[in-house]
Amino acid sequence: RSGPYYWDAHVLDIPFVREADIPEAKPTAGEPLQTWDFSAGLSGWESLNQYQKFAVEDGALVVAYEGNDPYFQAPTVSLPETPSVVIRLRLRGSGGGMALYWIEDGQTGYDGNHVTTLGIARSDEWHDIDIPLKTQGALRQFRIDPPGQSGQIEIDQVQVLPAPAIPDLKPIRGEVVFHVHPDRL
């Protein structure tokens, strides 16, 4: 039988946050850079692909979708250049895998280098989801690929917030080492 005699793991290059820094790390301080609350209608938001319903009802954007790649986008914005921002969505509805693509100064369209993905749980209650974006330039526009391939979500509010700076992070690296004895190979 071949195989490792024993192995051990070493932690390296992982930025840990001290518990005392967690309140400062949440993007709740400071004024939003942009807010949409849909009280005045769509406010420039556009459905782009595979939507059955895209309308404002009772002050919320209602998005019903079905297909292999539904997505919709925010209007263009003129925001200051920041090292990163957080998109906060107040929503309820279907759950599943979701993606957010963004365009920065100098880009001509959405691409695979400017995307973040996340999973969200189905909920009939309003809740906030924070989506951090590592921007290199000023954010100009973003699109949302809603959770799953079919469903319905309602969005009550969207905010673009400045991302917090987390002080004193020390990167640490990780590796796994397998130890073997030559007579067991």
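Refer to the structure presented above.
Residues numbered from 1 in each chain as written. Predicted model: local features only at pLDDT ≥ 70, side-chain atom pairs only at ≥ 80, totals over all residues. Heavy atoms only, no water.

Caption draft 1: Inspection of the overall build of the protein at higher detail. Secondary structure assignment for the protein yields one helix and 13 strands. Evaluated residue by residue, the protein yields a buried proportion of 35% over its 185 residues. For the protein, the share of sequence-separated contacts (at least 6 apart) that also reach a separation of at least 24 residues comes to 78%. Accessible surface computed for the protein: about 10,800 Å², of which carbon and sulfur atoms make up 48%. (Helix = DSSP H or I, 4+ residues; strand = E, 2+ residues; numbered from the N terminus. Buried < 20%, exposed > 50% of the residue type's maximum accessible area, 1.4 Å probe, protein only. Contact = heavy atoms within 4.5 Å. Areas by Shrake-Rupley, 256 points an atom, 1.4 Å probe, with all protein chains shown as cover.)

Caption draft 2: A look at unusual backbone geometry. For serine 43, which is not a glycine, the phi torsion comes out positive at approximately 50°. Counting through the fold element by element, serine 43 comes out in the loop between strand E2 (34-36) and strand E3 (46-49). On the accessibility criterion, serine 43 (36% relative accessible area) is partly exposed. Phi is positive for aspartate 58, close to 50°, though the residue is something other than glycine. By the secondary structure assignment, aspartate 58 is in the loop between strand E4 (51-57) and strand E5 (60-66). Residue classification places aspartate 58 among the exposed positions, given a relative accessible area of 86%.

Caption draft 3: Focus on the sheet that holds strand E8 (residues 96-104). An order of E3-E6-E11-E8-E9 is seen for the five strands of this open sheet, with the pairing classed as antiparallel. Single-partner strands in this sheet number two, and they are E3 and strand E9 (115-120). Strand-to-strand, the axes of this sheet are offset by a mean angle of 25°, without reference to chain direction. Sheet analysis places E3 next to strand E6 (residues 71-73), joined by three bridges and oriented antiparallel. Pairing of glutamate 46 across the sheet is with glutamine 73, part of E6. (Pairing = 2+ DSSP bridges. Axes fitted to C-alpha atoms, helices over the stretch in contact; angles between N-to-C directions.)

Caption draft 4: Highlighting the nonpolar core. With 30 residues, the main nonpolar core has Trp36, Trp45, Phe72, Ile87, Leu139, Phe142 and Val158 as its most contacted residues. Of all elements in the fold, only E4, E5, strand E7 (85-93), E8, strand E10 (123-133), strand E11 (139-145) and strand E12 (150-162) reach the threshold of two or more residues within this core. Sequence-distant contacts of tryptophan 36, defined by excluding residues within four places in its chain, comprise Ser43, Trp45, Ala74, Pro75, Val77, Phe142, Asp156, Gln157, Val158 and Val160. (Core = buried A, V, L, I, M, F, W, Y, C linked by side-chain atoms within 4.5 Å.)

Caption draft 5: Structural context of the pairing of E12. Pairing analysis gives three bridges linking E2 to E12, with the strands arranged antiparallel. Across the sheet, residue tryptophan 36 finds its bridge partner in E12, namely valine 158. As paired elements, E5 and E12 share six bridges and run antiparallel to each other. Bridge assignment links valine 63 to a residue of E12, and that residue is isoleucine 153. As paired elements, E7 and E12 share nine bridges and run antiparallel to each other. Bridging across to E12, arginine 90 finds its partner in glutamine 157.

Caption draft 6: Expanded view of the packing of aromatic side chains. Here the structure, examined in full by the defined rule, presents nine aromatic pairs. Consider the rings of tryptophan 45 and phenylalanine 142, whose centres lie 5.7 Å apart with planes at 80°: the pair is edge-to-face. With tryptophan 45 in the loop between E2 and E3 and phenylalanine 142 in strand E11, this residue pair connects regions lying 97 residues apart in the sequence. With 5.8 Å between their ring centres and 80° between their planes, tyrosine 51 and phenylalanine 72 make a pair best called edge-to-face. Linking tyrosine 51 in strand E4 with phenylalanine 72 in strand E6, this pair joins segments that are 21 residues apart in sequence. Phenylalanine 72 shares its class with tyrosine 51; the two are buried. By the ring-pair criterion, three or more aromatic residues cluster together here, those being Trp36, Phe38, Trp45, Tyr51, Phe54, Tyr65, Phe72 and Phe142. Positioned above the aromatic ring of tyrosine 71, the side-chain terminus of arginine 143 is 3.8 Å from the ring centre. (Phe/Tyr/Trp six-rings, centres within 6.5 Å; stacked < 30°, edge-to-face > 60°. Lys NZ or Arg CZ within 6 Å of the ring centre and 35° of its normal.)

In short, geometric facts, not functional conclusions.
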